[in-house]
Amino acid sequence: MPPVTGVYPDAAGDAMENGMTGSGYFRITPGGRDYIYREEYDMAEKITIALKRGASCVGCDIAVVNFNEHLFTLLTYADIVFAPTLLDVKYEDLKNLPDGSVTIGFYHGAVRNSDNEEMAKVMRDKCRFLIAYGACAHMGGIPGLANATTRKKILEQVYKKTVSTVNPEGTMPMETYTDEAGHDLTLPAFYDRVFALDDVVDVDYYVPACPPTHDINMQILSLVREFVEKGKPLPPKGSVIASVKTLCDECGRTRSRTISVARFRRLQDLKLDEDKCFLEQGIVCLGPATRAGCGAPCTAVNVPCRGCMGPTSGVMEQGASMLSAIASIISISDDEDKLSEEQIERLMDQIIDPLGCFYRFSLPKSQLGRVVEDVKEE
Ligand code: SF4
Ligand code: SF4
Ligand code: SF4
């Protein structure tokens, strides 16, 4: 695919070429198309918006409600035509709309079952621009950690093995069931793995974070408003609406030029220096491998970054990127030129739950996720 050309003025007012320069907010993915003009779309004065959730904790719905008073401004140039959390609507209301009649669709949550997939496809058909909103739609998110196990094991655990389950007959959910009166009842099929939104439909834009922060929402509103009212082009298809920098660049904690860590610890194992970089104190923080744009709210309140903004620009494998960052800061004594495998293993044993730590939000989109899939299939 040819690289995207063209210049897009970012939120800081700087021009960015191919999304790799300037201080700003859009990554232009290889293979993406040039930026998008309003004139290409025969649009009415007011645009329409639909919101739909898949396998979601509903935190992203709350993030939309957190547009606060800006929702009223949005309503001056947009009508919300479908949003189960905000409006009294039924799925049929969305299904009955003509294809392509909704200007922008926000889908949040992962794709976990056949209902999620069906509604993702309906949203794709109805919406001219489809946004993967939040970490679950972007990369599979926390539900995606289920890809480390199987459908069978999950159902066994939930319906038979938890301490609070009383199920002597071992009853399990069935996708279809006919009751005594002859009524057919159906449940969505529960898939063996979790998908990100773009695994099942074509996606136009990605809005990362768990959930997207108020500042990120304001960027989206500004982009949409300027597109509708001033005809300013939208960023190219495939853009991630976030910074091209790493989280460490916007973190307020102090850090040395070089970091050297002899052992890893957990927050409860030390008296934390509240100004100093977590990694320097031996606490795993995913800042070096995470995209900026959230404003680093977690590190500001003494919580290390868990990486919900996803990998940095140009990197697909966030977990491997963080492992590489960790490998580069492990201290080696003067009389060693490298650590033995045993020493490395001892160090890595100090990191509790490495899969959840390094792939908390990105397992379904990672290479490791695919390896896990292969092993499960064997
Ligand atoms: S991204 Fe976070 S807040 Fe949004 S649905 Fe997923 S888990 Fe919930
Ligand atoms: S590693 Fe974490 S604490 Fe350190 S500068 Fe980066 S984001 Fe901040
Ligand atoms: S600091 Fe890290 S975990 Fe917190 S919102 Fe930003 S990317 Fe997500």
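Quick caveat: nothing in here was measured; it's all calculated off a predicted structure. (Residues numbered from 1 in each chain as written. Chains lettered and ligands numbered in written order. Predicted model: local features only at pLDDT ≥ 70, side-chain atom pairs only at ≥ 80, totals over all residues. Heavy atoms only, no water.)

K.L.:
Sorry, what's going on with the overall build of the protein chain here?
P.N.:
A tally of helices and strands in the protein chain yields 13 helices and 13 strands. Taking all 378 residues of the protein chain together, 46% fall into the buried category. Within the protein chain, contacts between residues at least 6 apart in sequence are counted, and of these 71% link residues at least 24 apart. Here the protein chain has roughly 19,300 Å² of accessible surface; of this, 53% comes from carbon and sulfur atoms. (Helix = DSSP H or I, 4+ residues; strand = E, 2+ residues; numbered from the N terminus. Buried < 20%, exposed > 50% of the residue type's maximum accessible area, 1.4 Å probe, protein only. Contact = heavy atoms within 4.5 Å. Areas by Shrake-Rupley, 256 points an atom, 1.4 Å probe, with all protein chains shown as cover.)

K.L.:
I would appreciate a short explanation of the nonpolar core in the present structure.
P.N.:
In a soluble, globular protein the nonpolar side chains are often hidden away together inside. In terms of nonpolar packing, the biggest core is built from 83 residues, with Y133, L197 and F358 touching the most fellow members. Residue contributions to this core peak at 7 residues, all from helix 7 (residues 214-230). Other than its neighbours up to four places away in sequence, L197 contacts Y107, V111, A120, L130, I131, A132, A137 and V203. Counting 5 residues, the second largest nonpolar core, distinct from the first, contains A110, C136, A146 and V194. (Core = buried A, V, L, I, M, F, W, Y, C linked by side-chain atoms within 4.5 Å.)

K.L.:
Which parts of the structure should I look at to understand the packing of aromatic side chains?
P.N.:
Aromatic rings in a pair are described by how distant their centres are and how their planes are angled relative to each other. A complete count under the given rule lists 4 aromatic pairs for this structure. Seen from their ring centres, F106 and Y133 are 5.5 Å apart, and the 80 degrees between their planes marks the pair as edge-to-face. Residue F106 is located in strand 6 (residues 102-108), and its partner Y133 is located in strand 8 (residues 127-133); the two are separated by 27 residues in the primary sequence. Of the two residues, F106 and Y133, both sit in the buried class. Members of the aromatic cluster, connected to one another through ring pairs, are F129, Y205 and F227. One cation-aromatic arrangement involves R253 over F278; the distance from NZ or CZ to the ring centre is 4.0 Å. (Phe/Tyr/Trp six-rings, centres within 6.5 Å; stacked < 30°, edge-to-face > 60°. Lys NZ or Arg CZ within 6 Å of the ring centre and 35° of its normal.)

K.L.:
What's the story with the confidence of the model for the protein chain in this structure? I'm lost.
P.N.:
Segments scoring low in pLDDT should not have their predicted coordinates read at a detailed level. Residues with a pLDDT of 70 or more make up 87% of the protein chain, whose mean pLDDT is 86. Every residue in residues 1-25 scores below 50 in pLDDT, and together they form 66 contacts with partners more than four places removed in sequence or on other chains. Within the model, pLDDT remains below 50 along residues 27-33, and this stretch shows 23 contacts once partners closer than five positions in the same chain are excluded. (pLDDT = per-residue confidence, 0-100.)

K.L.:
Got a minute to help me understand helix 2 (residues 70-77) in this structure?
P.N.:
Each full turn of the α-helix corresponds to 3.6 residues, which orients residues three or four apart in the same direction. Residues of helix 2 that are buried include every one of L71, L74 and Y77, and no others. For helix 2, the angular spread of buried residues about the axis comes to 115 degrees, placing them on one side. Exposed and facing more than 90 degrees away from the buried side of helix 2 are F72 and T76. Where helix 2 is buried, its residues meet strand 4 (47-53), helix 1 (59-65), strand 5 (78-82) and helix 7. (Arc of directions from axis to C-beta.)

K.L.:
Looking at this structure, how should I read the site of ligand 3?
P.N.:
In the neighbourhood of ligand 3, the contacting residues comprise L247, T290, C294, A296, P297, C298, C305, R306, G307, C308 and M309. Looking at side-chain class alone, the shell around ligand 3 contains 8 nonpolar, 2 polar and 1 charged residues. (Near = heavy atom within 4 Å. Nonpolar A, V, L, I, M, F, W, Y, C, P; charged D, E, K, R; others polar.)

K.L.:
Whenever I open this one, the pairing of strand 8 confuses me. Can you help?
P.N.:
One face of the sheet, then the other: side chains in a regular strand alternate in exactly this way. Most of strand 8 is tucked away, with 6 of its 7 residues classed as buried. In this sheet, strand 8 lies alongside strand 6 in parallel orientation, the contact comprising 6 bridges. Paired with G105 across the bridge in strand 8 is L130. Pairing analysis gives 3 bridges linking strand 8 to strand 12 (residues 205-207), with the strands arranged parallel. (Pairing = 2+ DSSP bridges.)

K.L.:
Please explain the site of ligand 1 as it appears in this structure.
P.N.:
Residues in close proximity to ligand 1 include S56, C57, G59, C60, A135, C136, A209, C210 and P211, which together make up its full environment. For the shell around ligand 1, the secondary structure elements donating two or more residues are helix 1 and helix 5 (135-139). Residue composition of the shell around ligand 1, grouped by class: 7 nonpolar, 2 polar and no charged.

K.L.:
Would you take a moment to explain the pattern of salt bridges for this structure?
P.N.:
Should their charged atoms come close, side chains of opposite charge can pair. For the structure on display, the rule yields 17 salt bridges. Across the pair K90 and D88 runs a salt bridge, and its minimum N-O distance is 3.2 Å. K90 sits in the exposed class, given a relative accessible area of 52%. Owing to a relative accessible area of 72%, D88 belongs among the exposed residues under this scheme. The network of salt bridges with shared partners includes R124, D202, D204 and K237. (Salt bridge = Lys/Arg side-chain N within 4 Å of Asp/Glu carboxyl O.)

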